[in-house]
Amino acid sequence: NAGVMQNPRHLVRRRGQEARLRCSPMKGHSHVYWYRQLPEEGLKFMVYLQKENIIDESGMPKERFSAEFPKEGPSILRIQQVVRGDSAAYFCASSPRGLAGKVYEQYFGPGTRLTVT
Amino acid sequence: ILNVEQSPQSLHVQEGDSTNFTCSFPSSNFYALHWYRWETAKSPEALFVMTLNGDEKKKGRISATLNTKEGYSYLYIKGSQPEDSATYLCAPLYNNNDMRFGAGTRLTVKP
């Protein structure tokens, strides 16, 4: 059973370009979470998604960032018009159930390291 | 703003020593606490999920306790080994689905 997959592992973008980060959850997991680790900081929650639904996006910057988790295919974190401050490691995690109700552990992917030049 | 504090920030111990560190968190609307182990250049790995006051969990030489009333959790490592070297993160989860991560305790075990 493959773990959480993220691609690309490393992404370089120039200022103003778009960045698309992909996350394929573990088999059987229907809940995905995105986190960002800025240099010298800890993990910060961004968004929590279920298939075709955004459950909690309280950690997402209001502009330029969006996330989706379609019925088919991976979850996508999209950053439009990237700026240098977006350079960070972006991790996604998946769980078989949501955070409410029975609490399940989250399984993390290897992360995508975004560098904006 | 919820403040999750972990102490100490870093810890150096000798192989064979037992050690422990603390996670403090706001207890209002608390739902569950996660502990993760994060090795350099890897992704966080789940260790424990605890929900009830007084919960104790154990995995091998690592164990954790939870006090939800006063808002703290202890992680213990018995007989530390070099492979235990990692950053240990705690992440409380609240009733509104808010999940926060502490900054972590970076453990280095010297052979």
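Heads up: the structure comes first, above all this text.
To keep things clear, this report deals only with the structure shown in the data block.

Conventions adopted
Residues numbered from 1 in each chain as written. Chains lettered and ligands numbered in written order. Predicted model: local features only at pLDDT ≥ 70, side-chain atom pairs only at ≥ 80, totals over all residues. Heavy atoms only, no water. Pairing = 2+ DSSP bridges. Helix = DSSP H or I, 4+ residues; strand = E, 2+ residues; numbered from the N terminus. Axes fitted to C-alpha atoms, helices over the stretch in contact; angles between N-to-C directions.

1. Focus: the sheet that holds strand β1 (residues 5-7) of chain A
Residues and elements named next belong to chain A. Pairing within the open sheet is antiparallel, and its four strands lie in the order β1-β3-β8-β7. Edge positions in the sheet fall to β1 and β7 (65-68), since each has one partner strand and no second. Each neighbouring strand pair of the sheet contributes to a mean axis angle of 15°, computed without reference to strand direction. Relative to strand β8 (residues 75-79), β7 runs antiparallel, the two sharing four bridges. When the bridges of β8 are listed, Glu68 appears paired with Ile76.

2. Topic: unusual backbone geometry
That bond from Asn7(A) to Pro8(A) is cis: its omega, -5°, falls within 30 degrees of zero. When you line up the elements, Pro8(A) lands in the loop between β1 and β2 (10-13). In this model, Ser7(B) is joined to Pro8(B) through a cis peptide bond whose omega is -5°. Note that Pro8(B) resides in the loop between β1 (5-7) and β2 (10-14).

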